[in-house]
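So you can see what is in the structure, the chains are spelled out below.
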Amino acid sequence: MAQSPSRTPDSRRYQRLSPDERRDQILGVARRMFTELPYAEVSTSAIAAEAGVRRGLLHYYFGTKRELFLEVVRDLSGAAAMAAPPPDENRSLEEAADLCVRLFLEAAEGNATTWFAAVDAEGFGRDPQLLHIVNRFRDLTVEHMLTVLRMEPTGTLRAVLRTYSGLAEAATRQWLQEGTLDRGQVHTLLSRSLLALLTDIAPAVEDARTAAAGAGAGAGTGDAAAAAGAGA
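As the structure is a prediction and not an experimental result, all values here were calculated from the model.

This next bit is on the overall build of the protein chain. In terms of helices and strands, the protein chain carries 10 helices and 0 strands. Its helices and strands in sequence order give the protein chain the pattern α-α-α-α-α-α-α-α-α-α, from N to C terminus. Within the protein chain, the fraction of its 232 residues that count as buried is 33%. Put simply, of all contacts in the protein chain between residues at least 6 apart along the chain, 70% involve residues at least 24 apart. Of the roughly 13,300 Å² that the protein chain leaves accessible, carbon and sulfur atoms contribute 54%.

Here is the structure:
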């Protein structure tokens, strides 16, 4: 009985897939290529060839190279945001801060090229859609940090953590792009900075806001009393 020939890697590329499966396949290839290469060095022709489809099919699903890149960044940020574990009441604040940093660094290391291209808006100028995706990711990261940290999500704390995200991105750039810091150094920098923000700086910022609000209320009361006295 004759044996059927074994399938080669190339023949597996051209298997019949449902529209959703084909779209996911192309997106997976694009994500890998945008992660491995700068945006300018990736072409839709190369992505289509790697996925084993015609370039026209890629454009049918995603449109232009820009739109495909936006979808990759959106997919990447969504996957990274979902990586946050559930809160653990047995985890100390220091341990929770350390975990937040470790998860951030793992996501950054795995998607460095794509992420920095998105943050820098490489080849896009000030693209509002790209900026919206990046800012949405930053906001989701803050919300998931609050979940892991098990802290009351006040407006002040959110603003402080949003500011911290700028430090995290800059430190990660020193590690992955500039090579001036290694991963251990960046982890120490970010985990200790985060802990200081949570235990010292954020409470001080909240106190400053409360004091300013109290001073404003006091000034308003004094002005009202002065006006009443003048009218007497």
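Okay, back to it.
Tallied over the entire structure, the rule returns 5 aromatic pairs. Judged by centre distance (5.8 Å) and plane angle (10°), the ring pair of Phe34 and Tyr39 falls under stacked. Exposure class is identical for Phe34 and Tyr39. Each is buried. The interplanar angle of 55° and the centroid separation of 6.5 Å between the aromatic rings of Tyr61 and Phe62 together place this pair among those described as tilted. One aromatic cluster is present, formed by Phe34, Tyr39 and Phe69 through successive ring pairs. In this structure, Lys65 is placed above the aromatic ring of Tyr39, and the distance from its NZ or CZ to the ring centre is 4.2 Å.

A word on the confidence of the model for the protein chain. Residue-level pLDDT values for the protein chain average 84, and 81% of them are 70 or greater. Mean pLDDT across the secondary structure elements of the protein chain bottoms out at helix α1 (residues 9-13), with 45, and peaks at helix α3 (residues 44-51), with 95. When the criterion is pLDDT under 50, residues 1-12 qualifies, and its contacts beyond four places in sequence or with other chains add up to 2 contacts.

Counting 29 residues, the largest nonpolar core has Ile26, Phe34, Ile47, Leu68, Phe69 and Leu130 as the members making the most contacts within it. Counting only elements with at least two residues in this core, the list comes to α2 (19-36), α3, α4 (55-62), α5 (65-81), α7 (112-120) and α8 (128-149). If sequence neighbours within four positions are ignored, Leu68 has contacts with Leu27, Ala30, Phe34, Ile47, Leu58 and Phe62. Ala97, Phe104, Ala168 and Ala202 belong to the second-largest nonpolar core, a separate cluster that totals 25 residues.

One non-glycine residue with positive phi stands out, namely Arg150, at about 60°. Positionally, Arg150 belongs in the loop between α8 and α9 (155-178).

A word on the pattern of salt bridges. Side chains that carry opposite charge are capable of pairing whenever their charged atoms lie near each other. The full count for this structure, using the stated rule, is 11 salt bridges. A salt bridge links Glu109 to Arg183; the shortest N-O distance between them is 2.7 Å. Pair noted here: Glu109 is in helix α6 (residues 93-110) and Arg183 is in helix α10 (residues 183-231), with a separation of 74 residues, a long-range link. Several salt bridges share partner residues, and in doing so they unite Arg23, Glu71 and Arg74 into one network.

Parameters at a glance
Residues numbered from 1 in each chain as written. Predicted model: local features only at pLDDT ≥ 70, side-chain atom pairs only at ≥ 80, totals over all residues. Heavy atoms only, no water. Helix = DSSP H or I, 4+ residues; strand = E, 2+ residues; numbered from the N terminus. Buried < 20%, exposed > 50% of the residue type's maximum accessible area, 1.4 Å probe, protein only. Contact = heavy atoms within 4.5 Å. Areas by Shrake-Rupley, 256 points an atom, 1.4 Å probe, with all protein chains shown as cover. Phe/Tyr/Trp six-rings, centres within 6.5 Å; stacked < 30°, edge-to-face > 60°. Lys NZ or Arg CZ within 6 Å of the ring centre and 35° of its normal. pLDDT = per-residue confidence, 0-100. Core = buried A, V, L, I, M, F, W, Y, C linked by side-chain atoms within 4.5 Å. Salt bridge = Lys/Arg side-chain N within 4 Å of Asp/Glu carboxyl O.

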